[in-house]
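The chain contents come next:
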Amino acid sequence: MITAQATISLDAIRHNYQQLKKLSDQQLIAVVKGNAYGHGAIAVAKALHNADAFAVARIEEAIELRKAKVEQPILLLEGCFCQDDLYKAAEHNLDVVIHSEYQLADLETLKVDSSLAVWLKVDTGMHRIGIEPALVPNYQKRLTALAHVDSAIGIISHFSCADERSNTATTEQISAFSQAIKDTQGPKSIANSAGLLMWPDSSFGVARAGIALYGISPIDGYTGHDFGLIPAMSFTSRLISIRQHQAGQPVGYGQTWRPKQDTTLGVIAAGYGDGYPRSASNSAMVFINGRQVPIVGRVSMDMLVVDLGQDARDCSGDQVELWGEHMPIEQVAQAAGTIPYELTIQLTSRVNLSWQQRCEQDCNSTHRTEKQAVAI
Ligand SMILES: *Cc1c(COP(=O)(O)O)cnc(C)c1O
């Protein structure tokens, strides 16, 4: 019996990509770093064969996509950290960010026949990586002088607070960005998912969406559904034990929970060993047989316990949704004191990951899943 499993709807991801395109009317870079936030980078990129471009954080991630025959532009969000990697980027036709002097120096002494697409990263207030806006003309001049750099040099920046609805830091960053891109020719991009969803003024022609692509809201107090998005990951497991439990008796490590009245407990085969957050102990809910029930006691490595209530009719073997369509991951993250990004990306290797999609136009029979399609 398969217990903990994450099922990814590639249809949902395709829908979300289209929905985000519709909402923002810009070029859209699909951010698939971190194995597509735990959703499987190759499967996601293959499903998005109409995507304008992809972005990842590490060159290894990009090369893996190229080896899987992903042909769209792939942007390295932090560029290359040494010149050897820059040679690899040129070899695999990857687009690079330049955020530091050493990266520009590596590029200036690079000896290649091909030419690279380059994005200059400007620090507009995040103060993590990027050059000072005042240095843009100087960097531009040095980049323009290089025969092996595409003439359209992009300008890119990143928001620090776009997920907070009324934080003025975002308007300040937008105006710093507008200032920095004056007199520049190439593409411009500052919006992440939150920018795209909540800050129309952040539209400069190219947006970069990660979390929203997976159907998840980056904005507190909202779920993906509020923006017409569909959660792509369904993280499920099963009940492996049902027990009657007496009032006043403790449950789990540390004996942190005792019911006031007799109840029925359900034990689920999922724990922090699968990537379910231990910090959700005594706080998050799970979805079982049509309703949400609370986690009681501490989440342990392999199991967690829920209070099914006195009149429970649930059975061992019943499926449980830990997050997905019926149990918004935004709520689980909130209960765990973290963000959904951290939850999807930290599923462990023992969780069975599978992908589902209905056939596309180029597949003429109806509604097979990918797995079945392979078996035929
Ligand atoms: C991860 C990342 C994104 C995507 O952010 P989301 O909030 O997931 O949309 C965009 N830009 C950069 C530079 C990133 O590192």
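Look up a bit, the structure's there.
Because the structure is predicted, anything quoted here is derived from the model rather than measured. Every chain's residues receive numbers from 1 upward, in the order its sequence appears when written. Under the rules for a predicted model, residues below a pLDDT of 70 receive no local features and side-chain atom pairs below 80 are neither given nor counted, while totals for whole chains, interfaces and linings still include all residues. In computing side-chain values, all of the structure's heavy atoms are included and hydrogens and water are not.

So what exactly am I meant to see when it comes to the overall build of the chain here?
Helix and strand definitions follow DSSP, with helices as H or I runs of at least four residues and strands as E runs of at least two, each counted in order from the N terminus. Of the regular secondary structure elements, the chain holds twelve helices and 16 strands. Buried residues are those whose accessible area, probed at 1.4 Å on protein chains only, stays under 20% of the maximum for their type, while exposed residues exceed 50% and partly exposed ones sit between those limits. Split into buried and exposed, the 376 residues of the chain put 53% on the buried side. Whether two residues are in contact is decided by their heavy atoms: any pair within 4.5 Å suffices. In the chain, the proportion of contacts linking residues at least 24 apart, taken out of those at least 6 apart, comes to 63%. We get accessible surface area from the Shrake-Rupley algorithm with a probe of 1.4 Å; when it comes to residues, only the shown protein chains can shield them. Summing over all exposed atoms, the chain offers an accessible surface of approximately 17400 Å²; the carbon and sulfur share of this is 49%. Positive residues here are Lys and Arg, negative ones are Asp and Glu, while His and the chain termini are left out of the count. Throughout, a charge is located at the NZ atom of Lys, the CZ atom of Arg, the CG atom of Asp or the CD atom of Glu. Side-chain charges in the chain split into 31 positive and 40 negative, and the spacing between the mean points of these groups amounts to 3 Å.

Got a minute to help me understand unusual backbone geometry in this structure?
With glycine set apart, most residues show a phi of negative sign, and most peptide bonds adopt trans. Although it is not a glycine, His-127 sits at a positive phi angle of roughly 55°. As for its position among the elements, His-127 is in the loop between β6 (118-121) and α7 (136-144). At Asp-183, a position not held by glycine, the phi torsion is positive, near 65°. You can see Asp-183 is positioned in the loop between α8 (168-180) and β8 (188-189). The class of Asp-183 is exposed, set by a relative accessible area of 75%.

Would you mind going over the pattern of salt bridges with me for this structure?
The salt bridge definition used is simple: a Lys or Arg side-chain nitrogen within 4 Å of an Asp or Glu carboxyl oxygen. Taken as a whole, this structure holds nine salt bridges when the rule is applied. The salt bridge involving Glu-101 is made with Arg-142; its shortest N-O contact spans 3.1 Å. Here Glu-101 is found in helix α6 (residues 101-108), whereas its partner Arg-142 is found in helix α7, with 41 residues between them in sequence. Ionic contacts of the salt-bridge type, sharing partners, join the residues Glu-101, Glu-108 and Arg-142 into one network.

Any chance you could explain the packing of α6 against α7 here in plain terms?
Geometrically, a packed helix pair is captured by the angle between its two axes and the distance between the axes. Under this scheme, a helix contributes an axis fitted over its contacting stretch, all axes are lines through C-alpha atoms, and angles between N-to-C directions fall in the 0 to 180 degree range. Two elements in contact, α6 and α7, have axes whose closest approach is 10 Å; the angle formed by their N-to-C orientations is 15°. With respect to α7, the axis of α6 lies roughly parallel. Classified by chirality, the crossing of α7 by α6 is left-handed. In this structure, α6 uses Glu-101, Leu-104, Leu-107 and Glu-108 to contact α7, whose residues at the interface are Tyr-139, Arg-142 and Leu-143. A per-class count over the contact of α6 with α7 returns four nonpolar, no polar and three charged. Reported orientations rely on four angle classes, namely roughly parallel under 35 degrees, roughly antiparallel over 145, roughly perpendicular from 65 to 115, and oblique for the rest. Crossing handedness is defined as follows: a turn of the near helix away from the far one that is anticlockwise and smaller than a right angle gives a left-handed crossing, while the clockwise case is right-handed. Side-chain classes are defined by residue name, with Ala, Val, Leu, Ile, Met, Phe, Trp, Tyr, Cys and Pro counting as nonpolar, Asp, Glu, Lys and Arg as charged, and the others, Gly among them, as polar.

What is the right way to look at the side chain of Asn-16 in this model?
As for its placement among the helices and strands, Asn-16 is situated in helix α1 (residues 10-24). Overall, Asn-16 belongs to the buried group, its relative accessible area being 0%. What Asn-16 contacts, discounting residues up to four positions off in sequence, is Ala-212, Leu-213, Tyr-214, Gly-215, Leu-229 and Ile-230.

When you look at a nonpolar patch on the surface in this model, what are you seeing that I'm missing?
A grouping of Met-1, Ile-240 and Met-303 is seen on the molecular surface, where their side chains present a nonpolar patch of about 320 Å² in accessible area. Examined against the element boundaries, Ile-240 turns out to sit in strand β10 (residues 233-245). On the accessibility criterion, Ile-240 (40% relative accessible area) is partly exposed. Note on patches: the residues involved have over 30% relative accessible area and no salt bridge, like charges join within 9 Å, and the nonpolar side chains Val, Leu, Ile, Met, Phe, Trp and Tyr join within 5 Å.

When you look at the pairing of strand β12 (residues 285-288) in this model, what are you seeing that I'm missing?
Two faces, one strand: in a regular strand the side chains alternate between the faces of the sheet. Relative to strand β13 (residues 291-296), β12 is paired through four bridges, and the arrangement is antiparallel. Looking across to β13, one finds that Val-286 is bridged to Val-293. With antiparallel pairing between neighbouring strands as the criterion, β12 and β13 make up a hairpin whose turn holds two residues, including Asn-289 at a positive phi of roughly 45°. Strands are treated as partners if at least two bridges between them are detected by DSSP. Bridge analysis of β12 against strand β15 (residues 319-323) gives two bridges, and the strand direction is antiparallel. Its bridge partner being in β15, Phe-287 is matched across the sheet by Glu-321.

Would you take a moment to explain the sheet that holds strand β5 (residues 95-98) for this structure?
Within a sheet, neighbouring strands are paired by backbone hydrogen bonds and run either parallel or antiparallel to one another. Overall, parallel pairing links the eight strands, which are arranged β8-β7-β6-β5-β4-β3-β2-β9 in an open sheet. The open sheet has two free edges, formed respectively by β8 and β9 (206-209), since each of these has just one partner strand. The pairing of strand β2 (residues 27-31) with β9 spans four bridges and is parallel. In the strand pairing of β9, Ile-29 is matched with Arg-208.

Where do I start with the site of the ligand in this structure?
Definition of nearness: a residue and a molecule or strand are near each other if at least one heavy atom of the residue lies within 4 Å of the molecule or strand. Near the ligand lie 13 residues; those nearest to it are Lys-33, Tyr-37, Ser-193, Ile-211 and Tyr-341. N or O atoms within 3.5 Å of each other form a polar contact, as long as, within protein, one can give a hydrogen and the other can take it, and as long as residues adjacent in sequence are counted only when both atoms are side-chain atoms. Within the side chain of His-158, an N or O atom sits 3.5 Å from a nitrogen atom of the ligand. Measuring from a nitrogen atom of the ligand, one finds a side-chain N or O atom of Arg-208 at 2.9 Å. Protein contacts shield 94% of the accessible area of the ligand, which totals 390 Å² for the unbound molecule. Of all the secondary structure elements, the ones that give two or more residues to the shell around the ligand are α2 (33-37) and β9. Per-class residue counts for the shell around the ligand are six nonpolar, four polar and three charged.

How should I be thinking about the side chain of Ser-202 in this particular structure?
Here Ser-202 is to be found in the loop between α9 (193-198) and β9. What makes Ser-202 buried here is its relative accessible area of 1%. Those residues in contact with Ser-202, other than ones at most four positions away along the chain, are Phe-159, Ile-174, Ile-190, Ala-191, Gly-195 and Leu-196.

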